[in-house]
Amino acid sequence: MHLGVIGYGNITRALLGVLAREGKMPARVTLLARPSQAGAAAESGASVVTEATALIAAGPDLIVECAGHSAVAEAVVPALGAGIECVVVSIGALADAALHADVTAAAKKGGSRVVLPAGAIGGVDLLAALKPSGIEAVTYVSRKPPLAWRGTPAEALLDLPALTEPTTFFTGNAREAALAYPKNANVAATLALAGLGFEATRVEMVADPAVSQNIHEYRVTSGAADYAMRIEGKPSPDNPKTSLATVYSVAREVMNRMTEVAI
């Protein structure tokens, strides 16, 4: 298998580490990295390119995007149009309706598809399966330590270091959450795309000094089943804003394409 990866940040490095430990490192890996990261990326043993056109020309069997929202427009869309299947980690980018339409059109044009991994949460397979039964409500709560919300609009709303009790600072729909908090709402976007859509999926964001992990909670009401999920995500050692579960979710997508039995 020839794997292409967009980005050489924490998720990519952790992903390659998981694949190596599991004995599932693809025979060939091509990394699309910024010029400033090309040297470090080359130390991974992968081939390194610095332009999306070069990655596409290399002809990978599968591309995994691990580089943020802008990479979806700049690299995923042309790769899909060229017929290459893509796994997108920055799912919140699809809250941009125009970009979502571009991704869909490119996949159709290229006869390819875009795969959205579960990422930091579970139960997405069940949520998507329940859609034909009639989903009545999906409510998602993102609960994190106050300082985990630094660098987001929450800083202007709350004195984060001084909080002594849980404080809800955002209540709205999944599209509003993903657009206002692009680095924190991939889960909201995933749930929206699997279920009721961006406008009908309710989101709450909470700064909670009583927790030390990123906690994802959601509840689903549908015609076939009602259920609730709570995931206490352990942070990646190299970047506390990234849940380790996200890395393993993406690794599963890659490994499922390299094994005789996929689950």
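Below: a short report on this structure. (Residues numbered from 1 in each chain as written. Predicted model: local features only at pLDDT ≥ 70, side-chain atom pairs only at ≥ 80, totals over all residues. Heavy atoms only, no water.)

1. Description of the side chain of histidine 2
This is how the line gets drawn: To qualify as a helix, a DSSP run of H or I must reach at least 4 residues; to qualify as a strand, a run of E must reach at least 2; elements of each kind are numbered from the N terminus. Each residue gets one of three labels from its accessible area relative to the maximum for its type: buried under 20%, exposed over 50%, partly exposed in between, using a 1.4 Å probe on protein chains only. Here a polar contact is taken to be a pair of N or O atoms separated by no more than 3.5 Å, where protein atoms must pair a possible hydrogen donor with a possible acceptor and residues adjacent in sequence count only if both atoms sit in side chains. Here, residues are in contact when the closest pair of their heavy atoms is within 4.5 Å.
Along the chain, histidine 2 falls in strand β1 (residues 2-6). Accessibility expressed as a relative area gives 6% for histidine 2, which makes it buried. Side-chain polar atoms of histidine 2 contact the side chain of threonine 30, separated by 2.8 Å. In contact with histidine 2, not counting residues within four places along its chain, are Arg28, Val29, Thr30, Ala58, Gly59, Pro60, Asp61 and Leu62.

2. A few points about the environment of leucine 3
Following the sequence through the fold, leucine 3 ends up in strand β1. Separated by 22 residues in sequence, leucine 3 and methionine 25 have C-alpha atoms that sit 9.1 Å apart. Apart from the residues lying within four places of it in its own chain, the contact partners of leucine 3 are Leu19, Pro26, Arg28, Val29, Thr30, Pro60, Leu62, Val64 and Val254.

3. Quick notes on the nonpolar core
Keep this limit in mind: Residue types Ala, Val, Leu, Ile, Met, Phe, Trp, Tyr and Cys, when buried and joined through side-chain atoms within 4.5 Å, form a set referred to as a nonpolar core.
Judged by nonpolar contacts, the single largest core of 36 residues is most densely connected at Leu127, Trp149, Phe169, Val203, Met205 and Val220. Those elements that place two or more of their residues in this core are α6 (124-130), β7 (135-144), β8 (167-173), α8 (174-180), α9 (186-194), β9 (202-207), β10 (214-222) and β11 (226-233). Broken down by element, the residue count for this core peaks at six residues, all from α9.

4. Structural notes on the sheet that holds β9
Heads up, the condition is: A pair of strands is considered paired only if DSSP assigns at least 2 bridges between the two. Note on method: axes are straight lines fitted to C-alpha atoms, helices fitted across the in-contact stretch only, with angles between N-to-C directions ranging 0 to 180 degrees.
Strand order in the open sheet made by the five strands is β8-β9-β7-β10-β11, with mixed pairing throughout. Looking at which strands have only one partner, the edges of the open sheet turn out to be β8 and β11. Along the sheet, successive strands turn relative to each other by an average axial angle of 15 degrees, direction set aside. Judged from the six bridges that link them, β8 and β9 form a sheet pairing that is antiparallel. From the neighbouring strand, phenylalanine 170 faces β9, where its bridge partner is methionine 205. Against the sheet, α9 contacts β7, β9 and β10, and its axis sits at roughly 170 degrees relative to β7.

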